[in-house]
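Listed below, chain by chain, are the residues.
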Amino acid sequence: NAGVTQTPKFRILKIGQSMTLQCAQDMNHNYMYWYRQDPGMGLKLIYYSVGAGITDKGEVPNGYNVSRSTTEDFPLRLELAAPSQTSVYFCASSWRLGLKEQYFGPGTRLTVT
Amino acid sequence: GQQLNQSPQSMFIQEGEDVSMNCTSSSIFNTWLWYKQDPGEGPVLLIALYKAGELTSNGRLTAQFGITRKDSFLNISASIPSDVGIYFCAGQGNQGGKLIFGQGTELSVKP
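Everything numeric in this text was worked out from a predicted model, so none of it was measured.

## Quick word on unusual backbone geometry
Argument step 1. Note that the residue after Thr7 of chain A, namely Pro8 of chain A, is joined by a cis bond; omega there is -5°.
Argument step 2. The residue Pro8 of chain A is located in the loop between β1 (4-7) and β2 (10-13) in this model.
Argument step 3. In this chain, Ser7 of chain B is followed by Pro8 of chain B through a cis amide linkage whose omega measures -5°.
Argument step 4. In this structure, Pro8 of chain B sits in the loop between β1 (4-7) and β2 (10-14).
Argument step 5. Even without being a glycine, Arg69 of chain B presents a positive backbone phi close to 70°.
Argument step 6. As for its placement among the helices and strands, Arg69 of chain B is situated in the loop between β7 (61-65) and β8 (71-76).
Argument step 7. Overall, the relative accessible area of 32% leaves Arg69 of chain B in the partly exposed class.
Argument step 8. The phi torsion at Ala78 of chain B lies on the positive side, around 50°, for a residue other than glycine.
Argument step 9. Residue placement: Ala78 of chain B occurs in the loop between β8 and β9 (85-92).
Argument step 10. Here Ala78 of chain B falls in the partly exposed class, since its relative accessible area comes to 37%.

What follows is the structure in structure tokens.
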């Protein structure tokens, strides 16, 4: 199993550009999550999904959108990139909502200038 | 909403020393988790705690779920250079089961 994979690993965006961060898992997990990690801070939950077709907002959803058309994939969309969205983004998945083993991807480092 | 305070923010220690870090919350958590994050990687789960007072070990790591359910501690004994990284606590409370993360403790180990 590859676990949780994320692409791209790095990206630089200009203000106002849009992009999609890809996340996929091959563990047949129902629950998937997107976090952002800012320097010196813990992980903040952006959006999560409890299964295909179902998504919900986390702590910091503004400026982002998600979709979950399949169990495996959970892309995160930035429509109008802003400097405040410069961060490292982590995707995670688990069997049950928030329960112990959340498996994390390697992260996407995004810079908006 | 629920928040976690993790301390210390950073630690610089000599190889072989023991390390202790903790997380506190103003509200009760039902589950405490400890993760380690290596540079450029995602967090990896170290220890999970489910009951107040629970003490669990994973090799040289020991974590405890506080009796009040508002705190947790992680101890690392006889530190080695590969212990370097950022350690995060995370709690699961009553907000729909989502995890709340502490700010992290950055550990540096000098050989």
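## Some thoughts on the pairing of strand β5 (residues 44-49) of chain B
Argument step 1. Pairing analysis gives five bridges linking strand β4 (residues 31-37) of chain B to β5 of chain B, with the strands arranged antiparallel. When the bridges of β5 of chain B are listed, Trp32 of chain B appears paired with Leu49 of chain B.

## Comments concerning the pattern of salt bridges
Argument step 1. Taken as a whole, this structure holds five salt bridges over all chains when the rule is applied.
Argument step 2. In this structure, the salt-bridge partner of Glu59 of chain A is Lys44 of chain A, at a minimum N-O distance of 3.7 Å. Of this pair, Glu59 of chain A sits in the loop between β6 (54-57) and β7 (64-66) while Lys44 of chain A sits in strand β5 (residues 43-51), placing them 15 residues apart in sequence.
Argument step 3. Residue Arg60 of chain B is joined to Asp83 of chain B by a salt bridge in which the shortest nitrogen-to-oxygen separation is 2.8 Å. Taken as a pair, Arg60 of chain B in the loop between β6 (55-58) and β7 and Asp83 of chain B in the loop between β8 and β9 lie far apart in primary sequence, 23 residues in all.
Argument step 4. On the basis of relative accessible area, Asp83 of chain B is assigned to the buried category, the value being 5%.

## Digging into the interface of chain B and chain A
Often, the extent of an interface is quoted as the loss of accessible area on bringing the components together.
Argument step 1. Tallying the contact residues gives 19 residues for chain B and 19 residues for chain A.
Argument step 2. Regarding the contact of chain B and chain A, the summed buried area is about 1,500 Å², with carbon and sulfur atoms giving 58% of it.
Argument step 3. Looking at the side of chain B facing chain A, the largest losses of area belong to Pro43, Lys98 and Phe101 of chain B, adding up to 30% of the total buried there.
Argument step 4. Counting across the chain B and chain A interface gives zero salt bridges.

The rules behind these values
- Residues numbered from 1 in each chain as written.
- Chains lettered and ligands numbered in written order.
- Predicted model: local features only at pLDDT ≥ 70, side-chain atom pairs only at ≥ 80, totals over all residues.
- Heavy atoms only, no water.
- Helix = DSSP H or I, 4+ residues; strand = E, 2+ residues; numbered from the N terminus.
- Buried < 20%, exposed > 50% of the residue type's maximum accessible area, 1.4 Å probe, protein only.
- Pairing = 2+ DSSP bridges.
- Salt bridge = Lys/Arg side-chain N within 4 Å of Asp/Glu carboxyl O.
- Contact = heavy atoms within 4.5 Å.
- Buried area = accessible area lost by both parts, 1.4 Å probe.

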